[in-house]
Amino acid sequence: MIDMQHVCKYYSMGDELIKAMDDVNISIKEHEYVAIVGPSGSGKSTLMHTIGCLDMADKGQYFLDGMDVTLCTGGELANIRSKKIGFVFQQFYLLPQMTAFENVEMPLLYQHMNSRERKRRVIEALKCVGLEERMHHRPDQLSGGQQQRVAIARALVLRPPVILADEPTGNLDSRSGEEIMELLEGLHEQGSTVLIITHSEQIAERADRRLRVSDGRVTEDAV
Amino acid sequence: MKAALKMAFRNILFNKMRSFLTMLGIIIGVTAVIMLVSIGQGASKSITDSIASMGADLLTVNITDDDVTVTEDELRNYINGDLIRGIAPVLSGSVTVKDGTSTTSKSIQGVTENYADVYGSDVQSGRFIMDSDVEYRTNVCVIGTDVAGDMFESYDVIGKTITIEDSVFTIVGLLEESGSSMYGSGDDVILVPLSTAKRLTGTMDVTQYYVAAADSQSIQRVESILNIALYQLTRDEDAYSVYNQSQVLDTMDDADNTVSLMLGGIASISLLVGGIGIMNIMLVTVTERTREIGIRKAIGAKRRHILFQFLVEACVLSLFGGLIGVGLSLLGIELYALISSTAMTISWSVATAALAVCVVLGVAFGIYPANKASKLLPIDALRHI
């Protein structure tokens, strides 16, 4: 599903060259449940953004579902993001002016889909995260855990094969965090490839496979 | 498309204060442009109308030298009767007019029967001065609506009397309203028979003639004939003057256009300032919403989606503001017309232009920052604080 070969990403900060990714080689198959672990500044976020096609690698090749993403244009990348990947962010990244329903509906608006089909899919996704009775609430009327569940519903509404979660429990109390983890693990059991980026060993332990990142390199690949 | 419009309205409503402030700039700009230009055009229209009502085929002869006398018959000798419709002598003078208790100084004009035809004025009730009035030097007068309003507070004045220089005059006619012009009100007049005026003012010499040309083609010939005649009669170029009404009309038109242009210019500046306001708010809005753009891109929005969204929002915002501005100026013009009691109509061409300008400004200034933001890598837009 995900195949990275010799991927590099450099930032220059003043005179200093920061190697956010330095010759990264990763291969993740379908239906895997992988945790990418590392302290902050290790380059794990850059890795995640590159996997998610939010950012472009400077060097190397990245095949997502067999296609070389490094050769794609902006519009093609947008297509890939919507079809292949569902994002869950630490800060939820919901739009405050919209209800839960509208937030989940948003990815569908950028596809060609009639409104009845959209409604059916949004309600299905919200049911999946147990929030269908709160779909007309705005984010500020929801708790952190509920907001993150809305974000997960938004990530899975287009049924992408890969779910990318960047510190999904980072802004939540432990009980809501546990709920979110169970949701994500449920998605894995239903057949999704789930990648979780975290600095927490506890969360990493739950995954089937752990990729440890430090200084832009994958230092450990443990099952 | 429907979804984009819905989204635009939601975003505008979500930030009511900011949307209102953005629109305020457009509202003020559009209102100012439409109102100032409409008022300018209305004013110039009323001036040209009142001049045109005198007739574009009208020539005015003024005898400016007191020592010179030119009689109507002397003038007639020089002009072929086919070229003119009539010559109306006018004797102007200042007199005291008494009505009941108050005494005021007013100007009167001594005229003959053909003044009505030559000058193009008519009575709305009663009758005009007649040749028999002139012959018998009767004490009758025809008054304008302003005089009627001032003295009697009603237009029902036929048969009533006023006292001019201690003589009692019967009002026999009330003139049609002619409206005010730059020269003052055309309705503040008292017309008496020419012979009566000579007695009242103690002068024998007519100082002004209105000469109506037979048609507008012959007016220039009549004008040159008059100039030659007057020179031969007076032998002094400075003793008389001949005005052509259409010349006056042209001059007035020029002046009005200048005024309209100036008002329009001032208003355009305020529209421009409004436009800069839109640009400023749009820049802030888009910068503020860079993260939103990032989120939208992360979940699959393409560049054109982002651009389209901001385009629709800018359009809705500026069109809405512009329409409010048009509405306000309609209201303002009604109010102005009511206060100044002049007929005034909105200039729809200017309204359309102002609306178009503010939409173009809103869209241009909204699209520029949106385009910049839509080009960002999604991750850079997301990281934006």
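Residues numbered from 1 in each chain as written. Chains lettered and ligands numbered in written order. Predicted model: local features only at pLDDT ≥ 70, side-chain atom pairs only at ≥ 80, totals over all residues. Heavy atoms only, no water.

## Section: the overall build of chain B
Reasoning step 1: Along the backbone of chain B there are 13 helices and 12 strands.
Reasoning step 2: A burial count over chain B gives 49% of its 385 residues as buried.
Reasoning step 3: Summed over its atoms, the accessible surface of chain B is roughly 18,600 Å², and 59% of this surface lies on carbon and sulfur atoms. (Helix = DSSP H or I, 4+ residues; strand = E, 2+ residues; numbered from the N terminus. Buried < 20%, exposed > 50% of the residue type's maximum accessible area, 1.4 Å probe, protein only. Areas by Shrake-Rupley, 256 points an atom, 1.4 Å probe, with all protein chains shown as cover.)

## Topic: the sheet that holds strand β5 (residues 67-68) of chain A
Reasoning step 1: What the four strands build is an open sheet, ordered β2-β1-β4-β5 (chain A); its pairing is antiparallel. Both edges of this open sheet fall to β2 (16-28) and β5 of chain A, since each of them pairs with a single strand only. (Pairing = 2+ DSSP bridges.)

## Examining the sheet that holds strand β6 (residues 85-88) of chain A
Residues and elements named next belong to chain A.
Reasoning step 1: Across the sheet, six strands lie side by side as β6-β7-β8-β3-β9-β10; this open sheet has mixed pairing. The outermost strands of the open sheet, each flanked by one partner alone, are β6 and β10 (217-222). Each strand of the sheet is rotated relative to its neighbour by a mean of 20°, with strand direction disregarded.
Reasoning step 2: When strand β3 (residues 33-37) meets strand β9 (residues 209-214), the two strands line up parallel, connected through four bridges. (Axes fitted to C-alpha atoms, helices over the stretch in contact; angles between N-to-C directions.)

## What about the interface of chain B and chain A?
Reasoning step 1: Taken together, the contact between chain B and chain A spans 23 residues of the former and 26 residues of the latter.
Reasoning step 2: Taking both sides of the interface into account, the surface hidden between chain B and chain A amounts to around 2,300 Å²; carbon and sulfur atoms contribute 65%.
Reasoning step 3: Inspection of the region where chain B meets chain A yields one salt bridge.
Reasoning step 4: Between B:R10 and A:E102 there is a salt bridge; the shortest N-O distance is 2.7 Å.
Reasoning step 5: Breaking the side of chain B that touches chain A down by element, the ones donating at least two residues are α1 (2-14), α10 (290-298), α11 (303-340) and α13 (378-383) of chain B.
Reasoning step 6: Tallied by class, the residues present in the side of chain B that touches chain A amount to 11 nonpolar, four polar and eight charged. (Contact = heavy atoms within 4.5 Å. Buried area = accessible area lost by both parts, 1.4 Å probe. Salt bridge = Lys/Arg side-chain N within 4 Å of Asp/Glu carboxyl O. Nonpolar A, V, L, I, M, F, W, Y, C, P; charged D, E, K, R; others polar.)

## Overview of the packing of α11(B) against helix α12 (residues 348-374) of chain B
All names here are of chain B.
Reasoning step 1: At a closest axis distance of 8 Å, the pairing of α11 and α12 adopts a crossing angle of 155°. Of the possible angle classes, the one that applies to α11 and α12 is roughly antiparallel. Of the two elements, α11 crosses α12, and the hand of that crossing is right-handed.
Reasoning step 2: Of the residues in the contact of α11 with α12, the class split is 17 nonpolar, five polar and one charged. (Parallel < 35°, antiparallel > 145°, perpendicular 65-115°, else oblique. Left-handed = near helix turned anticlockwise from the far one by under 90°.)

## Focus on empty space enclosed by the protein
Residue and element names in this part refer to chain B.
Reasoning step 1: Summed over the entire model, instances satisfying the criterion amount to three cavities of 30 Å³ or more.
Reasoning step 2: Taken as a whole, the largest cavity holds about 130 Å³ of empty space.
Reasoning step 3: If you go around the largest cavity, you meet 14 residues; those closest to its centre are R18, T285, R289, E313 and L317.
Reasoning step 4: Of all the secondary-structure elements, those providing two or more residues to the lining of the largest cavity are α1, α2 (16-54), α9 (245-288) and α11.
Reasoning step 5: Considering every element that reaches the lining of the largest cavity, the biggest residue donor is α11, with four residues.
Reasoning step 6: Taken together, the residues of the lining of the largest cavity break down into six nonpolar, five polar and three charged. (1 Å grid on protein atoms, 1.4 Å probe; cavity = no way out; pocket = protein on both sides within 12 Å on 5 of 7 lines; lining within 4 Å. Points joined across faces, edges and corners; volume = space filled by probe spheres on them.)

## What about unusual backbone geometry?
Most peptide bonds take the trans form, and the phi angle of most residues other than glycine is negative.
Residue and element names in this part refer to chain A.
Reasoning step 1: Its identity as a non-glycine residue notwithstanding, C53 has a phi of 60°, on the positive side.
Reasoning step 2: Topologically, C53 is positioned in the loop between α1 (44-51) and β4 (59-64).
Reasoning step 3: The buried category is assigned to C53, whose relative accessible area is 1%.
Reasoning step 4: Phi is positive for Y93, close to 55°, though the residue is something other than glycine.
Reasoning step 5: Within the element layout of this structure, Y93 appears in the loop between β6 and α3 (100-109).

## Some points on the confidence of the model for chain A
Reasoning step 1: For chain A, the mean per-residue pLDDT works out to 90, and 100% of the residues sit at or above 70.
Reasoning step 2: Predicted confidence in chain A is weakest over β10(A), with a mean pLDDT of 87, and strongest over helix α5 (residues 144-156) of chain A, with 94. (pLDDT = per-residue confidence, 0-100.)

## Digging into the environment of B:V360
Reasoning step 1: By the element assignment, B:V360 lies in helix α12.
Reasoning step 2: Along the chain, B:V360 and B:C315 lie 45 residues apart, while their C-alpha atoms are 8.3 Å from each other.

## Observations concerning the environment of A:R210
Residues and elements named next belong to chain A.
Reasoning step 1: Position of R210 relative to the elements: it lies in strand β9.
Reasoning step 2: Of the residues examined, R210 reaches a relative accessible area of 14% and is grouped as buried.
Reasoning step 3: Expressed as a C-alpha distance, the spacing of R210 and E220, which sit 10 residues apart in the sequence, is 7.6 Å.
Reasoning step 4: Looking at R210, its side chain comes within polar contact range of the main-chain oxygen of A204, at 3.2 Å. (Polar contact = N/O pair within 3.5 Å; in protein donor to acceptor, adjacent residues only side chain to side chain.)

## Concerning the pattern of salt bridges
Reasoning step 1: This structure, assessed with the given rule, holds 29 salt bridges over all chains.
Reasoning step 2: A:R212 serves as the salt-bridge partner of A:E201, at 2.7 Å between the closest nitrogen and oxygen. Taken together, the residues A:E201 in helix α7 (residues 201-206) and A:R212 in strand β9 connect sequence positions 11 residues apart.
Reasoning step 3: Residue classification places A:E201 among the partly exposed residues on the basis of a relative accessible area of 39%.
Reasoning step 4: With a shortest N-O distance of 2.8 Å, B:R127 and B:D133 are connected by a salt bridge.
Reasoning step 5: For B:R127, a relative accessible area of 28% corresponds to the partly exposed category.
Reasoning step 6: Overall, B:D133 belongs to the buried group, its relative accessible area being 4%.
Reasoning step 7: Salt bridges sharing partners connect three or more residues here, namely A:E117, A:R120, A:R121, A:E124 and A:R159.

## Re a nonpolar patch on the surface
All names here are of chain B.
Reasoning step 1: A cluster of nonpolar residues, M17, F20, L21, L24 and I28, forms a patch on the protein surface that exposes about 480 Å² of accessible area.
Reasoning step 2: Within the fold, M17 resides in helix α2.
Reasoning step 3: When its relative accessible area of 55% is taken as the criterion, M17 is described as exposed. (Patch = residues over 30% accessible without salt bridge, like charges linked within 9 Å, V, L, I, M, F, W, Y side chains within 5 Å.)

## Here's the deal with the packing of α3(A) against helix α4 (residues 115-128) of chain A
Residue and element names in this part refer to chain A.
Reasoning step 1: Taken N-terminus to C-terminus, the directions of α3 and α4 make an angle of 125°; their axes are 9 Å apart at the nearest point. In terms of axis orientation, α3 runs oblique to α4. Here α3 and α4 pass one another in a crossing that is right-handed. For the pair formed by α3 and α4, the contact residues are F101, V104, E105, L108 and L109 on the first element and R118, K119, R121, V122, I123, A125 and L126 on the second.
Reasoning step 2: Within the contact of α3 with α4, the residues separate by chemical class into eight nonpolar, no polar and four charged.

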